[in-house]
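Spelled out, the chains give:
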Amino acid sequence: MNFLRGVMGGQPAGPQQSGAETIQKLCDRVASSTLLEDRRDAVRALKSLSKKYRLEVGTQAMGHLIHVLQTDSSDSEIIGYALDTLYNVISNDEEEEQEENSQKEAEDLGSQLTDALINEQENITLILRLLEEFDFHVRWPGVKLITALLKKRCGPVQGIILVSPMGVSRLMDLLADSREIIRNDALLLLQQLTKGNAAIQKIVAFENAFERLLDIISEEGSSDGGIVVEDCLLLLLSLLKNNSSNQNFYKEGSYVQRMKPWFEVRDDNSGWSAQKVTNLHRMLQLVRVMVSPVNSPGAISSCQKAMHHCGLLQQLCAILMATGVPADILTETINTVSEVIRGSQDNQDYFASVNAPSNPPRPAIVVLLMSMVNERQPFVLRCAVLYCFQSFLYRNHKGQEEVVSTLLPSTIEASSITAGQLLCGGLFSSDSLSNWCAAVALSHALLDNPAQKEQLLRVQLATSAGTPPISLLQQCTNILSQGDKIERRGSKVQTRVGLLILLCSWISSCPIAVTHFLHNHQNVSYLTGQISENQGEDERLVQGLCALLLGICICYNDNSLENHTKEKLKQLIEKRIGKENFVEKLSFISKQEQYSRAAHQPQPTGPTPEHMLFDHQFTKLVKELEGVVTKSVYKSSEEERKEEEVKKTLEQHDSIMTQYKELIREQDAQINELKEQVVSLSSQSEQMKRTVAQQVLQIQQHRDQHSILKLKLEKGSQQAGGQGEEAQMNGLQREELSRLREELQELRGRSARLEAELADRNAIITSLNSERAQTVNGLENNAETLKELEALRSRVASQSTQISQLQAEKQDLLKTAAQSAKEAVDPAASDLQSLLTAQTQESQRLKEEVRRLAESGAGAERQLASANSSVAVLEAERARLQEELAESRKEQDDLLMLLADQDQKITTLRSRLKALGEPIEDEDDLDSQDQGDDDDDEPDD
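Note that this is a predicted model, so its numbers are computed, not measured.

A. Up close: the overall build of the chain. Counting its secondary structure elements, the chain contains 42 helices and four strands. Expressed as a percentage of its 941 residues, the buried residues of the chain come to 47%. Residue pairs at least 24 apart in sequence account for 73% of intrachain contacts in the chain once pairs closer than 6 positions are excluded. Here the chain has roughly 47000 Å² of accessible surface; of this, 50% comes from carbon and sulfur atoms.

Structure follows, in structure tokens:
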């Protein structure tokens, strides 16, 4: 107090001041002093009083302290005192042991003071800005203050930090501080900051948090490190749990591979400190978070593949088979392996290949099952082994087949212990938990696998020497009916529940198993007796399961047994139990507390062994069958018959729809193929058009040359008429006459070739018309739907258009040939001859195209073999084709007329030769001269 009096300037004598008065004077000193040293001393004094007088300092000095943070930020010492004071009044961590009421009051006081501080968001922003100061006396108190505020009012403080500029980034920078105490407290701060806030978790993750945390874990010695490693792992768990975005970022960043060194097994496993056990337990939890069944299937599958490829699964299996591993670590490792292999075929196959280091080597599955059926093993360990076995068989038909095969007589080897032997041993042992675990494990070998349900019916058991073997199904029902001989009532219920779970899973969706079960008349009597009795609360679950089993016998009954058909079983229920009573007993299953707990997660858990009554997959089966069984019991035989008829009709309709879908797929493929052919023909047609355009241009050039030659010829004729016989003897005229004779002969040859070409094209037209007639006849005989008719008509129209185009091109070629014949005196006769040759080749190619188009049309008609079209439309189509044939014939007549004109022109040329005085032979003589020597064609001088 002397120090305080000196600071405040009070008198050494007189009555002592109260704490509130002292704090008030200190607050006045902070507010009114002009010297920084005075303010610093006053804040230091407030800090020393803040733990004892939290209420007074918090209510009176908080505003002054915030003002100091705003105005004196250049002095790190006073800022540190102010932050420490705020931390002391908000947090009660430093207080000594108190009574429960006083502790609660202290918590309430800290929450109230926190509310007062965060009421102004600028206060939190100010503290965050002060964290940028590197001075230890400022940064460390600031970190502790933010952590305390998050503990008191997590949600509001998270919201303020989230909207504060660079708020999360400033806090993330603390992890890079070289001073370990600040870095370690920053880990605690980030744990509180990321708690339950997905947005902040994503920001922290994208601020490179994973890289920094994994580096710290490696620097601290991984699992051998101290509590800092645990804090890092807790922060990683907070960032990844229930956050699919961060999980995906963690996987894609190849951080899964960096977890492998954590689980390296050393030769000496004796040094298991408490902190190492805790660290390794957190590491296993981190692996489980990445492959938890609550995640999306795609994320689980990708993480499972990454863990297998990087060797993490191998490391976990090595821990399973190692010696000296603590029980809790071994249990958590088994649970982790379970979720890493669950639903992943590759991981399940690898796990099946793992062998224990024994002599002789035994599969890891067998070793684990030995622990499960051993009643001396810890309860949690046995539950973990059951979870591992369930995960191994989950969506693994190959593994299910291998397990069931070890129960069949042909595969059992006396020299080795198999999984089937262990399951049978546990199923019929005196330990009720072993009975339940073995029954549930065996039910998973039958899950969604009707083939293995039928195979399990072949299993035979030798109960005692000298007695014939009995089936596994019969032995289960025998134990079920003799359950009253078990001494402990709780154990009796657990054993019977396990057997009923196995039987329900076995015979559901398997009519053959139902028939085997109903073949023993005592089974039906036992079930009806159990359901109809009025027993205590402990037996209500057994009654419900018996009702479910009897309902399954009704639903999946193929009526092969005359005494136990569906109708007779329903009559039995109505007479001995009552439908309402039956449904009420059936509803007991889903009302159990253990049922709700098992339906929540796949992992089997319970506070005590006696609480293990339900399996997760069995709860799904109950949910699926409860409504079906209820409807089956209330349904009459007439309704069932109608449902069967409707079901058969629907199956037939489905079959018809499947056939139509296949037909449509085939037709779609054919249509696509025809479209490709049309595209190909279109491109060829374009190419032909370009060729015809070039030929037209050449013909125009030849016409021009012919006009010039004609003028020269007329001029020569005029000169020949004026000079008479003297001009006739001119050498130039003789050469002209010789050339005309040659051209006349060449013209006759061309005429013959054109007639032959005309005959070929007539044959093509006749063949095309015949094929079209066959097409029309095929369409008349084979009809399908109006829609397919329209498609066929469009295809035929398209083909007809293409044929018309080909005919038009043919007509153009014929006209070109006729025009060439008229231009007999063309000086470029050799060019015309080559042009006609090219046109002939083009005609042959067009003929091939027409034939291929006709074949394509015939294929289209065969594909639409079931077409049903109107006769009137087909008659119209035939008439149109006949009109096209008539047009073709008309074109042929026109060509003949052109040839007649050509003959007339030849006659005119012969007359001109005669007028020139040149002797002209008859046509027969000219034909014979064409076959003779060329010298005979020239006249005598």
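B. Spotlight on helix H33 (residues 579–587). Along H33, the positions that sit buried rather than exposed are Lys579, Phe582, Lys585, Leu586 and Ser587. Buried residues in H33 make contact with helix H30 (521–532), helix H31 (537–555), helix H32 (566–576) and helix H35 (616–634).

C. Quick peek at the pattern of salt bridges. Per the counting criterion, the structure on display carries 21 salt bridges. Among the salt bridges present, the one from Arg179 reaches Asp177, with a minimum N-O distance of 2.9 Å. For the pair shown, Arg179 and Asp177 are each scored as buried. A salt bridge links Lys276 to Asp224, with the nearest nitrogen and oxygen atoms 3.5 Å apart. Pair noted here: Lys276 is in helix H16 (residues 274–290) and Asp224 is in the loop between helix H13 (209–219) and helix H14 (227–240), with a separation of 52 residues, a long-range link. Residue Lys276 is classed as buried on the basis of its relative accessible area, which comes to 12%. The exposure class assigned to Asp224 is partly exposed, which follows from its relative accessible area of 39%. One salt-bridge network, held together by shared partners, links Arg40, Asp41, Arg44, Asp75 and Glu77.

D. A look at the nonpolar core. Leu149, Ile161, Tyr250, Phe263, Phe351, Trp506 and Leu548 are the most contacted members of the largest nonpolar core, which totals 200 residues. Of all the elements, H31 adds the most residues to this core, at 12 residues. Contact partners of Phe263, with chain neighbours within four places excluded, come to Leu280, Met283, Leu284, Val287, Leu312, Gln315, Leu316 and Ile319.

E. Examining the packing of aromatic side chains more closely. One pass over the structure, following the stated rule, counts nine aromatic pairs. Relative to Tyr255, the ring of Tyr250 lies with its centre 5.5 Å away and its plane at 40°, an arrangement referred to as tilted. Residues Tyr250 and Tyr255 agree in their burial class; the two are buried. In this structure an aromatic cluster arises from ring pairing among Phe206, Phe210, Phe249, Tyr250 and Tyr255. Here Arg540 stacks its cationic end above the ring of Phe588, 3.8 Å away from the centre of that ring.

F. Geometry of the side chain of Asp84. For Asp84, the location among the structural elements is in helix H5 (residues 76–90). In this view, Asp84 contacts Lys47, Pro141 and Lys144; residues no more than four positions away in its chain are not counted.

G. Looking closely at the environment of Gly159. As for its placement among the helices and strands, Gly159 is situated in helix H9 (residues 154–163). By relative accessible area, which is 32% here, Gly159 ends up partly exposed. Expressed as a C-alpha distance, the spacing of Gly159 and Leu193, which sit 34 residues apart in the sequence, is 9.9 Å.

H. Examining the environment of Leu572 more closely. Relative to the elements of secondary structure, Leu572 occurs in helix H32. A residue is classified by how much of its surface remains accessible, and Leu572, at 26% relative accessible area, is partly exposed. The spatial distance from the C-alpha of Leu572 to the C-alpha of Thr528 is 8.4 Å, given a sequence separation of 44 residues. Not counting residues up to four positions away in its chain, the partners in contact with Leu572 are Val524, Thr528 and Ile577.

I. Representation of a negative patch on the surface in the model. Where like charges cluster on the molecular surface, the negative patch consists of Asp346, Asp349, Glu401 and Glu402. As for its position among the elements, Asp346 is in helix H20 (residues 345–353).

J. Expanded view of the packing of helix H19 (residues 327–341) against H20. As a packed pair, H19 and H20 sit with axes 8 Å apart at the nearest point and diverge in direction by 135°. Put simply, H19 runs oblique to H20. Counted together, Val337, Val340 and Ile341 of H19 and Asn347, Gln348 and Phe351 of H20 form the full contact between these two elements.

K. Region of the structure containing the side chain of Asn88. Secondary-structure assignment places Asn88 in helix H5. Not counting residues within four places of it along the chain, the set of residues in contact with Asn88 comprises Lys47, Ser50, Lys51 and Arg54.

L. Structural view of helix H24 (residues 419–427). With seven of its nine residues buried, H24 lies for the most part within the structure. Looking only at H24, the buried set comprises Ala419, Gly420, Leu422, Leu423, Cys424, Gly426 and Leu427.

M. Inspection of the packing of H31 against H35 at higher detail. Two elements in contact, H31 and H35, have axes whose closest approach is 9 Å; the angle formed by their N-to-C orientations is 65°. Like other packed secondary-structure pairs, H31 and H35 cross with a definite hand, here left-handed. Residues Leu545, Leu548, Gly551, Ile552, Ile554 and Cys555 of H31 touch H35, and the partners they reach there are Phe618, Val622, Leu625, Val628, Val629, Ser632 and Val633. The class makeup of the residues in the contact of H31 with H35 is 11 nonpolar, two polar and no charged.

N. Main features of a nonpolar patch on the surface. On the surface, Leu162, Val163 and Ile203 cluster together to form a nonpolar patch covering roughly 230 Å² of accessible area. Topologically, Leu162 is positioned in helix H9. By relative accessible area, Leu162 is classed as partly exposed at 34%.

O. Quick peek at the environment of Val57. Its location among the elements puts Val57 in helix H4 (residues 54–71). Spatially, the C-alpha atoms of Val57 and Ile23 are 6.6 Å apart, while their sequence positions differ by 34 residues. Those residues within four positions of Val57 in sequence are excluded, and the remaining contacts are Ile23, Leu46, Leu49, Ser50, Met62, Thr85 and Val89.

P. Representation of the state of the cysteines within the structure. Evaluation of the coordinates by the stated rule reveals zero disulfides. With no disulfide of its own, Cys383 lies 6.0 Å from the sulfur of Cys437, the closest cysteine sulfur. Cys383 gets classed as buried once you look at its relative accessible area, which sits at 7%.

Q. Representation of unusual backbone geometry within the structure. In this chain, Asn359 is followed by Pro360 through a cis amide linkage whose omega measures 0°. Relative to the elements of secondary structure, Pro360 occurs in the loop between strand E1 (355–356) and strand E2 (362–363). A positive phi is found at Ser222, a non-glycine position, where the angle reads about 55°. Looking at Ser222, the relative accessible area reads 16%, which means it is buried. In this structure, Asn559 takes a positive phi of about 60° despite not being glycine. In this structure, Asn559 sits in the loop between H31 and H32. On the basis of relative accessibility, which here comes to 40%, the residue Asn559 falls in the partly exposed class.

R. Representation of the confidence of the model for the chain. The pLDDT averaged across the chain works out to 80; a share of 74% of its residues lies at or above 70. This model gives residues 1–15 a pLDDT under 50, and the stretch forms 17 contacts once residues within four places in sequence are excluded. A low-confidence stretch, residues 779–786 stays under pLDDT 50, and its non-local contacts, those more than four residues away or across chains, total 26 contacts.

The rules behind the values
Residues numbered from 1 in each chain as written. Predicted model: local features only at pLDDT ≥ 70, side-chain atom pairs only at ≥ 80, totals over all residues. Heavy atoms only, no water. Helix = DSSP H or I, 4+ residues; strand = E, 2+ residues; numbered from the N terminus. Buried < 20%, exposed > 50% of the residue type's maximum accessible area, 1.4 Å probe, protein only. Contact = heavy atoms within 4.5 Å. Areas by Shrake-Rupley, 256 points an atom, 1.4 Å probe, with all protein chains shown as cover. Salt bridge = Lys/Arg side-chain N within 4 Å of Asp/Glu carboxyl O. Core = buried A, V, L, I, M, F, W, Y, C linked by side-chain atoms within 4.5 Å. Phe/Tyr/Trp six-rings, centres within 6.5 Å; stacked < 30°, edge-to-face > 60°. Lys NZ or Arg CZ within 6 Å of the ring centre and 35° of its normal. Patch = residues over 30% accessible without salt bridge, like charges linked within 9 Å, V, L, I, M, F, W, Y side chains within 5 Å. Lys, Arg positive; Asp, Glu negative; His and termini not counted. Charge placed at Lys NZ, Arg CZ, Asp CG, Glu CD. Axes fitted to C-alpha atoms, helices over the stretch in contact; angles between N-to-C directions. Parallel < 35°, antiparallel > 145°, perpendicular 65-115°, else oblique. Left-handed = near helix turned anticlockwise from the far one by under 90°. Nonpolar A, V, L, I, M, F, W, Y, C, P; charged D, E, K, R; others polar. Disulfide = S-S within 2.5 Å. pLDDT = per-residue confidence, 0-100.

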